[in-house]
Amino acid sequence: MLYRKYLLSVGHVALTVSLVANAAHAQTTDEIIVLDPIIVEGADDDALLESFDGYTAEGSSTATRIPTDLRTTPRSVTVIGQQQLEDQGVRTLDQALSYGAGVTAQTFGLDGRYDVFALRGFQSNTSSIYRDGLPLRSYQFAAWRVEPFMLDRIDVVRGPTADLYGSNEPGGVVNAVTKRPEFEDSGEVAARAFDQGGGEIGLDFTGPLSNDVAYRAIGVFNQSGTVFDEVDQGRILFAPSVTWRPSDQAKLTVFGQYQKDEVPDSYALVPAFGSIFDNPLGQFDNDFYTGDEDFNTIETEQSYLGYELEQSLGSNLKWLSRARIAKNDWTNDTSFPGAFVSQGGVDPAAVDGALQIRFEVEEEADQLSFDNALQTELTFGDAAVTVIGGIDYYQADITSDQLSTLIGLRDLDTGALIPVTVLLGTPGEPATLIEVDQEIRQTGMYATALAEIGSNVVLNGGVRYDFIDISGTNILSSDALGTGVFTPSETSLDNEQEFTSASIGSSYNFQNGATIYGNAARSFNLPPSGADEDGNTLDVEESLAFEIGARFQPVGTGSLFSVAAFDINKQNVAQASTSTLGATEQIGEVESQGVELSASHAFTNGISVLGSYTYTDTTITQDAANEGNMLALIPEHAATAWVNYAFQDDTFEGLRIGAGARFVGERFSDNENTADFEVPDLVVFDASASYQFGDWNASLAIQNIADEVEVTYCDAGLAQVAATVPGATGRCAYSAGRSATLSLTRTF
């Protein structure tokens, strides 16, 4: 079905090219009589979205779909630019987010497979990663990794966005904005070496092919080590794009990308006894590997093809169109501990064995996105109003086969494996097979408007209707005794839902650079899988949010100081039924309240600073077992600070040095708020130095200089595994240790 849609997409691109060509032809052919075009004033809008120097962007379109000054936007927005990415030596998306207000990065600990983060208390990486305004959602294991080298900027919108983009977690969205072709020749060649071994080459070239056509080609080749001697990672990426600009009234960009990642399992869970608790046999360091290097393959291939179009239709009307087809093939063949045990059995804290799971996944995740809108600008007295209305369509096809097999007890000292047939006396290896075949379709109709009234007031509001159609099956087959005979149980995933989202916001902007603002929003996320006690499918998760805030941008500066207070209430949260085995109840409700402070300031003496503080109070307000508890993995307090100094005197001209600190407060690993699994707070320090000499730049970036490592996540182990052996105990994951990147870059 998706490939039929793809054929329609190709046809749509052909129609787009035809319309753009006709528009260009009409301006150069005397035989055709056309009305004088009414040009929508877009120079200022374009400037708001351009690449920027320093740490403070001028504007963003992600929070409103309309290019808007960050200071006057009545929502919380952070923009991370190339200068910050380079100064902090960012290598992954979650690293890039770690200095932002309202963000908790790497919530489950160090994990080289995924970009993991929460926004305003809600785990958001599976639903809220966007590329160039179109979603890249994850449903099973096939995740979409974002390469920072190919990004122009990262827009982080905090708070609900369903009125703009449809289903999302209410914490916000992260929109990674890709570099696009430019009509001036430039290029960059970057070579990087890593402290854990290996390196990377990055290539980025752009320029005109003619007066009307420009290109961009980005390539990355990476082969690098990790904190584990048993794990090396690699990436090959090629991303070409072409822009055709036949006139000031039309611009079409066609882009593609191929990315292959080899990320053997770098998410190593260690025994709880020996990490967060004492183990009489000794502690396990963060570089202790509990996987199996003989079964350690995770490969993913991501492919993209799409376009973006802006076309003036005259009469102050503009057509905005974009589409993308994305394909992700994910292969997993790894081994990991399902739980840990003491082989002697006398002291349960003397853990020295792992109940090892062989885990195999073959998954295909295909996604298709269309977004077509009309934009117009209207004037009513002293009010200038921009209105966008459109229809978007999103489709995901997921097929996933997941086989989990208990293979035996692995000695953590010698690595020797006691087969499960000996350990438990079973005829074979107990196994579970999950087969998922699912299709998700979301069709949305939306309208949003931004009104600038006089020189002080900005109003923003939007409404969107979504229809969601989910179909498919989930087949769970179990062979609990290892007989080789699986007992299947099939669950239908069919579900149809509809929802109307809305938002309203306003800001008042004083002439001295101060702004006060507020907003309210109603939003939703896709319904959870499962059924209630009567066999009915589940409803969408609903959210209602309120926010007030203030900003200050001293006139004539690139600085921005912000404070925001928010209250998000999420309903229809799913939980296991207390009365019917295997059923799900939607009585859950979660509230997240908090305050965010952020600052970005550039002094005239070459010093630039970034800072943030986040207070988040999460509460499970309705739940049969956990009412009143905090949400798992979310700290109450978090703070960051970064200072960079560019030397001003001639002796050290071109030299920049930077230093920063990140604090994450203590938090619980589970919604039960188990005291044993409350993980400690963490403070890490980062630093960088760079020297620009002509077209060359040499830099060194170090994250976590002191190699300060703490446990960031724990669980009691996989229940079905822990139950097989008496005395089985839990697992924990560590935070990221020290990493250093040495770079040499040549620009043209």
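Relevant structure appears above.
For every chain, the first residue of its written sequence is number 1, and the numbers climb from 1 along that sequence. It should be noted that, the model being predicted, local features are given only for residues of pLDDT at least 70 and side-chain atom pairs only at 80 or more, the latter also being counted only at that level, while totals for whole chains, interfaces and linings use all residues. Just so you know, side-chain values use all the structure's heavy atoms and leave hydrogens and water out.

Moving on, we come to the sheet that holds strand β6 (residues 122–123). Adjacent strands of a sheet pair through backbone hydrogen bonds, lying either parallel or antiparallel. DSSP bridges decide pairing: two strands pair if at least two such bridges lie between them. Counting from the N terminus, the helices are DSSP H or I runs at least four residues long and the strands are E runs at least two residues long. Taken together, the 3 strands give an open sheet; going across it, the order is β4-β5-β6, and neighbouring strands pair in antiparallel fashion. At either end of the open sheet lies a strand with only one pairing partner, and these are β4 (103–105) and β6. Inspection of the sheet shows β4 paired to strand β5 (residues 117–119) by 3 bridges, in the antiparallel sense. Considered in β5, the bridge of Ala105 is made with Phe117.

So, on to the packing of aromatic side chains. Two rings belonging to Phe, Tyr or Trp (six-membered ring only in the last case) form a pair when the distance between their centres is within 6.5 Å. Interplanar angles under 30 degrees mark stacking, angles over 60 mark edge-to-face geometry, and anything in between is tilted. One pass over the structure, following the stated rule, counts 16 aromatic pairs. Aromatic ring contacts, followed pair by pair, group Phe141, Phe336 and Phe359 into a single cluster. The side chain of Arg137 reaches across the aromatic face of Tyr394, ending 4.6 Å from its centre. Whether a charge sits over a ring comes down to the Lys NZ or Arg CZ being within 6 Å of the ring centre and within 35 degrees of the ring normal. Sitting over the ring of Phe149, Lys179 keeps its end group 4.7 Å from the ring centre.

For the rest of this paragraph, the subject is the environment of Arg245. The residue Arg245 is located in strand β14 (residues 232–247) in this model. Sequence separation between Arg245 and Ala416 is 171 residues; the distance between their C-alpha atoms is 64 Å. Two residues form a contact once any of their heavy atoms are found within 4.5 Å. Aside from chain neighbours lying at most four places away, what touches Arg245 is Phe183, Asp212, Ala250 and Lys251.

Our focus in this paragraph is the pattern of salt bridges. Salt bridges are identified by distance alone: a Lys or Arg side-chain nitrogen within 4 Å of an Asp or Glu carboxyl oxygen. Using the criterion set out here, one finds 33 salt bridges in the structure. With a closest N to O distance of 3.0 Å, Arg180 and Asp132 form a salt bridge. With Arg180 in the loop between β10 (172–178) and β11 (186–194) and Asp132 in the loop between β7 (129–131) and β8 (134–135), this residue pair connects regions lying 48 residues apart in the sequence. Of the charged contacts, one joins Glu541 and Lys570 as a salt bridge, the two residues approaching to 3.2 Å between their closest N and O atoms.

What follows covers the pairing of strand β13 (residues 213–225). Pairing between strand β12 (residues 198–208) and β13: 11 bridges, direction antiparallel. Residue pairing for β13: Pro208 is matched across the bridge by Ala214. Counting the residues in the hairpin turn of β12 and β13 gives 4 residues. Here 13 bridges tie β13 to β14, and the two strands are oriented antiparallel to one another. Bridge pairing in β14 places Gln223 opposite Gly234. Connecting the antiparallel pair β13 and β14 is a turn made up of 6 residues.

The subject of this paragraph is the state of the cysteines. Only a pair of cysteine sulfur atoms within 2.5 Å qualifies as a disulfide here. Applying the stated criterion across every chain, the model contains 1 disulfide. The disulfide partner of Cys714 is Cys732, and the gap between their sulfur atoms is 2.0 Å. When the S-S torsion is 105 degrees, as for the bridge of Cys714 with Cys732, the disulfide is right-handed. Taken together, the positions of Cys714 in strand β37 (residues 711–715) and Cys732 in strand β38 (residues 731–734) put the pair 18 residues apart, joining distant regions of the chain. With respect to burial, Cys714 and Cys732 carry one shared label: buried. Buried residues are those whose accessible area, probed at 1.4 Å on protein chains only, stays under 20% of the maximum for their type, while exposed residues exceed 50% and partly exposed ones sit between those limits.

Before going further, it helps to spend a moment on the environment of Val385. Assignment of secondary structure puts Val385 in strand β20 (residues 383–411). Classification of Val385 as buried rests on a relative accessible area of 14%. Placed 263 residues apart in sequence, Val385 and Gln648 show a C-alpha to C-alpha distance of 44 Å. Contact partners of Val385, with chain neighbours within four places excluded, come to Thr376, Glu377, Leu378, Phe380, Ala449, Leu450 and Ala451.

None of the figures reported here should be taken as evidence of function without further support.
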